[in-house]
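Listed below are the residues making up each chain.
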Amino acid sequence: MTLSKLHDLLNLLTNAVTQLEEACTKNGTSIPDLDKPFNTSSEDFRKDPTAALAANIIGAAALHICAIINPPQISLFDIASGTQKSAAFRICLESNVAEILQEAGPQNTSGLAALLSFQLDEASKALAHMWEVFSDPTTVKSNEPSQSAFTKFVGRGKTLWEYYDDPEQDFRRHRFNIGMHGVQRFQPENIILSSEFAINVLINDYLFRYDPVYDWKAVPAGSALVDVGGGVGTTQLCLAKEFPQLKIIIQDRSHVWREKDPDALESGRVSFEAQDFFEPQPQRDVSFFFLKQILHDWPDEYCIKILTQLRKAASPNTKLLSMDTVIQHACHDNSDFTGVINGAMPDEAPFPLLANWGAVNPMGYRADMIMLAFFNSRERTLRDAISLFEKSGWRLTERCLEAPDPLRGVQCQVKAHWRYNCGQTYM
Ligand SMILES: C[S@@+](CC[C@H](N)C(=O)[O-])C[C@H]1O[C@@H](n2cnc3c(N)ncnc32)[C@H](O)[C@@H]1O
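What comes next is a walk through the structure. Given the structure is predicted, the values throughout are model-derived calculations rather than measurements.

Now for the pairing of strand 7 (residues 319-325). Counted residue by residue, strand 7 has six buried out of seven residues, so it is predominantly covered. Inspection of the sheet shows strand 6 (residues 288-292) paired to strand 7 by five bridges, in the parallel sense. Note that in strand 7 the partner of F288 across the bridge is K319. With respect to chirality, the unit in which strand 6 leads through helix 13 (residues 300-313) into the neighbouring parallel strand 7 is right-handed.

Below, the structure is given as structure tokens:
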């Protein structure tokens, strides 16, 4: 390879630093100072989409340069020894050394700490057994959650959800539920509310577009939204507060339902229902079915069962909103969904970066591995999603990128919001 690629990357990086500087000067923000303790306001600069994108370009270009220039054996050892950092981190976390996580107050930090703790406990243990699953001809191609690394080697025959039902695992189940609050730390605050957003950002001559999730204000009073597998109900709380005209029903397995969010209940606009999503839904008028981080837990065959139950309970006007990661290919994708699915194609990184933003966009791919280890499931590409929904009687009509900074490093578990319509396509 000639050195020109390095020059290209360097130019990209330098231009992005200039853009970031201009955005920070305009907004009166600054970038974090590694010599000072973490402070929530040190992340404020990313609220400006131009600054957030510039930061991503800088990070992606810098890591891309490292990948080219570092000796391969060092890169390999970094990967292989990653468990040392995880082990040290877990000790810090469990023994409360990581006081820094508490600086922003318990509401904001406990979710993140619980999520990290889950990652270092259940998830790390399951991932450690991936080779055993891959090297066994009876499990390597399995699409059954009962054959996953977690079920076979950690849950001793129980899937994650069955494992959490065991009273001995009350602590871990509780931690998982709190950890789902932590997931929100990787998304824009009030992600579900991020409607009425339509920003265009021009950076390094590339146009980035952000779309609305849903125009909740336009929803008629009394409309019912059913959050299927909604956990303890945190996602819906802000929706209930902002849009009191909505009637919100949160469904989950009965064990989770015991832990429902007290704030959500107090609001009086949210009710909880024990409901297995593989079973028929109660017959009633539902305006929205909402699925957040449910489908990625299940292999296709199971997703089709869940979606088909929702389809059977839907009226012609029912919409299905699904929030999940959309995995991007590392190479350029020239699919064209123009006129078929609004906002279908993700914004790709500028050349010569990898189209999927490479190392600054790791979250979706990490989650993909976790879904495999726990459930023999996966994160899906847009094409995967289209196919899944088609097979279940739904038509994917729209994909909304989150706003305002979907490409932010840690946030790159890009929550895409797909809007589905009950069309004429139900079999
Ligand atoms: C990854 S969590 C997502 C929770 C919530 N939607 C959120 O984003 O915070 C998956 C949820 O699916 C629930 N779940 C698993 N199996 C279920 C089933 N058969 N019926 C209903 N909920 C189920 C779990 O209890 C858990 O709360």
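Here the narrative resumes.
Around the ligand, the structure places 18 residues, and the nearest of them are G229, D252, D276, F277 and K292. Backbone polar atom of G229 to a nitrogen atom of the ligand: 2.9 Å apart, as the coordinates give it. Protein burial of the ligand: of its 590 Å² of free accessible surface, 96% is covered by the chains. Taken together, the residues of the shell around the ligand sort by class into eight nonpolar, five polar and five charged. Three or more residues apiece are contributed to the shell around the ligand by two domains, here domain 2 (81-185) and domain 3 (189-421).

On the surface, W131, F134 and V140 cluster together into a nonpolar patch covering about 330 Å² of accessible area. Relative to the elements of secondary structure, V140 occurs in the loop between helix 6 (130-134) and helix 7 (149-154). Among the residues examined, V140 registers a relative accessible area of 37% and is labelled partly exposed.

Definitions and cut-offs
The residue count restarts for each chain, going from 1 along the sequence in the order it is written. It should be noted that, the model being predicted, local features are given only for residues of pLDDT at least 70 and side-chain atom pairs only at 80 or more, the latter also being counted only at that level, while totals for whole chains, interfaces and linings use all residues. Here the side-chain values reflect all heavy atoms present in the structure, with hydrogen atoms and water set aside. Working definition: with a 1.4 Å probe on protein chains only, accessible area under 20% of the residue-type maximum means buried, over 50% means exposed, and in between means partly exposed. Counting from the N terminus, the helices are DSSP H or I runs at least four residues long and the strands are E runs at least two residues long. What makes two strands pair is DSSP finding at least two bridges between them. When the strands point away from the viewer, a crossover counts as right-handed if the route from the first strand across the helix to the second turns clockwise. Any residue with at least one heavy atom within 4 Å of a molecule or strand is counted as near it. Polar contact is defined as a pair of N or O atoms within 3.5 Å, subject to the rule that within protein one atom must be able to donate a hydrogen and the other to accept it, and that residues adjacent in sequence are counted only when both atoms are side-chain atoms. Where accessible areas are quoted, they stem from the Shrake-Rupley method and a 1.4 Å probe; at the residue level, only the protein chains shown are allowed to cover. In this classification, Asp, Glu, Lys and Arg are treated as charged, Ala, Val, Leu, Ile, Met, Phe, Trp, Tyr, Cys and Pro as nonpolar, and every other residue, Gly included, as polar. Where each domain starts and ends follows an automatic or database-derived domain assignment. Think of a patch as exposed residues, more than 30% relative accessible area, with no salt bridge, where like charges cluster within 9 Å and nonpolar side chains (Val, Leu, Ile, Met, Phe, Trp, Tyr) cluster within 5 Å. Between Lys or Arg on one side and Asp or Glu on the other, a salt bridge is scored when a side-chain nitrogen of the former is within 4 Å of a carboxyl oxygen of the latter.

Geometric descriptors of this kind do not, in isolation, establish any biological role.
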